[in-house]
Amino acid sequence: MKKAITYIALFIGLNMAAFAEQLQSVEYPDAAVPQVLDVMPAGPSIGDMYTSEGSLRSSIGGPVVGEYFGQATLVHLNDTLTRTTRSFMVESVYPDGSIYKLNLIQTDHGLPLKEGHGHVGAIVGGTGKYSGIRGSYEYEMLAGGVAKVTNTYWLAK
């Protein structure tokens, strides 16, 4: 009996992260015109890179809570459907640490994200307060070129 209780206690202790509280934050990145590195041939082609940076706000037009740095690289072209696939990574920087996000997203050839675009990606790591973070984010492009990002995550205890 003692052995069974010991194993149960050990199992619960090792899996405490599974019982961690789910957290959520919402942020609104300032729209930034990306800088584009257009590799040959001209126009959308594999290897093209889009980078951007800007402020993160707590609400539309609200106070700045951090900043972001993003990079998307074109990794696949579908000329028939005029769609591209981009590898997408972002660092969200806050006063108490950073959150790192990754994804592959589909977009129209070489066009900015349009109202109604949405995708879900992975939160893959962090620093400071966010060390040990795991979870996902949901990106939504709203009217007027405003984006909303909802982070749903757990922090390792």
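For the structure itself, consult the block above.
Calculation criteria
- Sequence order sets the numbering: in each chain, residues are counted from 1 along the sequence as written.
- Only residues with pLDDT of 70 or above have their local features reported here, since the model is predicted, and side-chain atom pairs are shown and tallied only from 80 upward, although totals for entire chains, interfaces and linings are computed over all residues.
- The basis for the side-chain values is all heavy atoms of the structure; hydrogens and waters are excluded.
- The rule for a salt bridge is simple: a side-chain nitrogen of Lys or Arg has to be within 4 Å of a carboxyl oxygen of Asp or Glu.
- Only DSSP runs of H or I with at least four residues qualify as helices, and only runs of E with at least two residues qualify as strands; both kinds are numbered from the N terminus onward.
- Note on classification: 1.4 Å probe, protein chains only; a residue is buried when its accessible area is under 20% of the maximum for its type, exposed when over 50%, partly exposed between these limits.
- Residues grouped as a nonpolar core are buried Ala, Val, Leu, Ile, Met, Phe, Trp, Tyr and Cys residues, joined through side-chain atoms within 4.5 Å.
- Contact definition: two residues touch when any of their heavy atoms are within 4.5 Å.
- Patches here: salt-bridge-free residues with over 30% relative accessible area, like charges joined within 9 Å, nonpolar side chains (Val, Leu, Ile, Met, Phe, Trp, Tyr) joined within 5 Å.
- Residue-level accessible areas treat just the shown protein chains as cover; the underlying method is Shrake-Rupley with a 1.4 Å probe.
- In summary, the pairing rule links any two rings of Phe, Tyr or Trp, Trp by its six-membered ring, whose centres are within 6.5 Å, and it sorts them by plane angle into stacked for under 30 degrees, edge-to-face for over 60 and tilted for everything else.
- A pair of strands counts as paired when DSSP detects no fewer than two bridges linking them.

K.L.:
What's the story with the pattern of salt bridges in this structure? I'm lost.
P.N.:
Oppositely charged side chains can form a pair if their charged atoms are brought close together. In this structure the tally under the stated criterion is three salt bridges. The shortest N-O distance in the salt bridge between E27 and K101 comes to 3.2 Å. Linking E27 in strand β1 (residues 23–29) with K101 in strand β6 (residues 97–108), this pair joins segments that are 74 residues apart in sequence. On the accessibility criterion, E27 (3% relative accessible area) is buried. Two residues, K129 and D96, come together in a salt bridge whose shortest N-O distance is 3.8 Å. With K129 in the loop between β7 (118–126) and β8 (134–141) and D96 in the loop between β5 (83–94) and β6, this residue pair connects regions lying 33 residues apart in the sequence. Relative accessible area serves as the criterion here: at 35%, D96 is assigned to the partly exposed category.

K.L.:
Sorry if this is basic, but what is going on with the nonpolar core here?
P.N.:
Across soluble globular proteins, nonpolar side chains show a tendency to be buried alongside one another. Within the largest apolar cluster, 20 residues are counted, with the highest numbers of intra-cluster contacts made by Y130 and I133. Of all elements in the fold, only β3 (49–57), β4 (64–78), β5, β6, β8 and β9 (147–154) reach the threshold of two or more residues within this core. In this view, Y130 contacts Y94, D96, G97, S98, I99, Y153 and L155; residues no more than four positions away in its chain are not counted.

K.L.:
When you look at unusual backbone geometry in this model, what are you seeing that I'm missing?
P.N.:
As a rule of thumb, non-glycine residues mostly have phi less than zero, and peptide bonds are mostly trans rather than cis. Here the bond from M40 into P41 is cis, since omega is 0°, no more than 30 degrees from zero. Along the chain, P41 falls in the loop between β2 (35–37) and β3.

K.L.:
For this particular structure, what's the right way to read a nonpolar patch on the surface?
P.N.:
A cluster of nonpolar residues, M89, Y100, L102 and V124, forms a patch on the protein surface that exposes about 330 Å² of accessible area. V124 gets classed as partly exposed once you look at its relative accessible area, which sits at 47%.

K.L.:
Explain the packing of aromatic side chains here, please?
P.N.:
Between two aromatic rings, the relevant description is the distance of the centres plus the angle of the planes. This model, assessed by the stated rule, comprises two aromatic pairs. Considering the side-chain rings of Y94 and Y130, the 5.5 Å spacing of their centres and the 50° angle between planes classify their relative orientation as tilted. Of this pair, Y94 sits in strand β5 while Y130 is found in the loop between β7 and β8, placing the two residues 36 residues apart along the sequence. Accessibility classification places Y94 together with Y130 in one group, the buried group.

K.L.:
Looking at this structure, I do not really get the pairing of β9. What am I missing?
P.N.:
In summary, the side chains of a regular strand alternate between the two faces of the sheet. Within β9, six of the eight residues are buried, leaving the element largely enclosed by the surrounding structure. In terms of strand pairing, β1 meets β9 through five bridges, oriented antiparallel. Residue pairing for β9: L23 is matched across the bridge by Y153. Between the antiparallel neighbours β8 and β9 lie five residues, among them G144 with a positive phi of about 75°.

K.L.:
Can you help me understand the pairing of β3 in this one?
P.N.:
Where β1 lies against β3, two bridges are found, and the strand directions are antiparallel. Looking at β3, one finds that Y28 is bridged to R57. Sheet topology places β2 next to β3; three bridges connect them, and they run antiparallel. Residue Q35 lies in a different strand from β3, and its bridge partner there is T51.

K.L.:
I tried to follow the environment of V65 on my own but got confused; where do I start?
P.N.:
Structurally, V65 can be placed in strand β4. We classify V65 as partly exposed; its relative accessible area is 33%. For V65, the residues in contact, after removing those within four places along its chain, are L56, R57, S58, Y94 and P95.

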